[in-house]
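Observations on the three-dimensional arrangement
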Amino acid sequence: MTEPTDRVERYREALDAWNRRDLVWILEQASPDLEFNTAQLFPGIDAEYRGREGMVEFWTTFIEEPWALFQLEVESLEDAGEDRVLALITFHGTERDSGDEVTTRYAHLATFRGDEVARIDAFADWDEARRAAGLA
């Protein structure tokens, strides 16, 4: 079983992969039946994506198409018990079509099954995410 500090570091690596736009690495770390529950912060994003195919759909719809530049700034990463990691994140992006810059705070509560990420619950509010993680 993966130790809490290992989970935190593995999720840091995953967020680094998002910043590199390394979808292959992300899919290799994800459970085949990954559940990704989005915070629906942006138009056109579904509430949930399932499996590796779902992650590819999310990636194409949200990462590749709308953003010329994209960066996740990790503000905090901590063990949340029960095989979970809480990541408080600031999203920075530059829209491809308009050139508008967007900055938004949100959070991931990632649940591991062994060494794989099995579930990600995204939150638009850091306090709500802390409560969900039992860290409020």
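The rules behind these values
Residues numbered from 1 in each chain as written. Predicted model: local features only at pLDDT ≥ 70, side-chain atom pairs only at ≥ 80, totals over all residues. Heavy atoms only, no water. Phe/Tyr/Trp six-rings, centres within 6.5 Å; stacked < 30°, edge-to-face > 60°. Helix = DSSP H or I, 4+ residues; strand = E, 2+ residues; numbered from the N terminus. Buried < 20%, exposed > 50% of the residue type's maximum accessible area, 1.4 Å probe, protein only. Lys NZ or Arg CZ within 6 Å of the ring centre and 35° of its normal. Expected span 1.5 Å × (residues − 1). Pairing = 2+ DSSP bridges. Axes fitted to C-alpha atoms, helices over the stretch in contact; angles between N-to-C directions. Contact = heavy atoms within 4.5 Å.

**What about the packing of aromatic side chains?**
This structure, assessed with the given rule, holds 14 aromatic pairs. Centre to centre, the rings of Trp18 and Phe36 are 6.4 Å apart; their planes meet at 70 degrees, and the pair counts as edge-to-face. Linking Trp18 in helix H1 (residues 4–20) with Phe36 in strand E1 (residues 30–37), this pair joins segments that are 18 residues apart in sequence. Accessibility assignment for this pair places Trp18 and Phe36 in one class, buried. Here a set of aromatic residues connected by ring pairs shows up, and it is made of Trp18, Phe36, Phe42, Tyr49, Phe58, Trp59, Phe62, Trp67, Phe70 and Phe91. Here Arg105 stacks its cationic end above the ring of Trp126, 3.6 Å away from the centre of that ring.

**Looking at H1**
Spanning 17 residues, H1 covers 24 Å between terminal C-alpha atoms, matching the ideal 24 Å at 1.5 Å per step. For H1, every residue scored as buried is listed here: Arg7, Val8, Tyr11, Ala14, Leu15, Ala17 and Trp18. Phi turns positive, to about 60 degrees, at Arg21, one or two residues after H1.

**A word on the sheet that holds E1**
The strands making up a sheet are joined through hydrogen bonds of the backbone, oriented either antiparallel or parallel. Taken together, six strands build an open sheet; the order of strands is E2-E1-E6-E5-E4-E3 and the sheet is mixed. If you trace the sheet from one side to the other, it starts and ends with strand E2 (48–50) and strand E3 (67–79), each paired once. The average angle at which neighbouring strand axes cross in this sheet is 20 degrees, direction not considered. Pairing between E1 and E2: three bridges, direction antiparallel. The residue of E2 that forms the bridge with Phe36 is Tyr49. Sheet strands touched by H1: E1, E3, strand E4 (84–95), strand E5 (101–113) and strand E6 (116–123). Its angle to E3, the strand with the most contacts, is close to 170 degrees.

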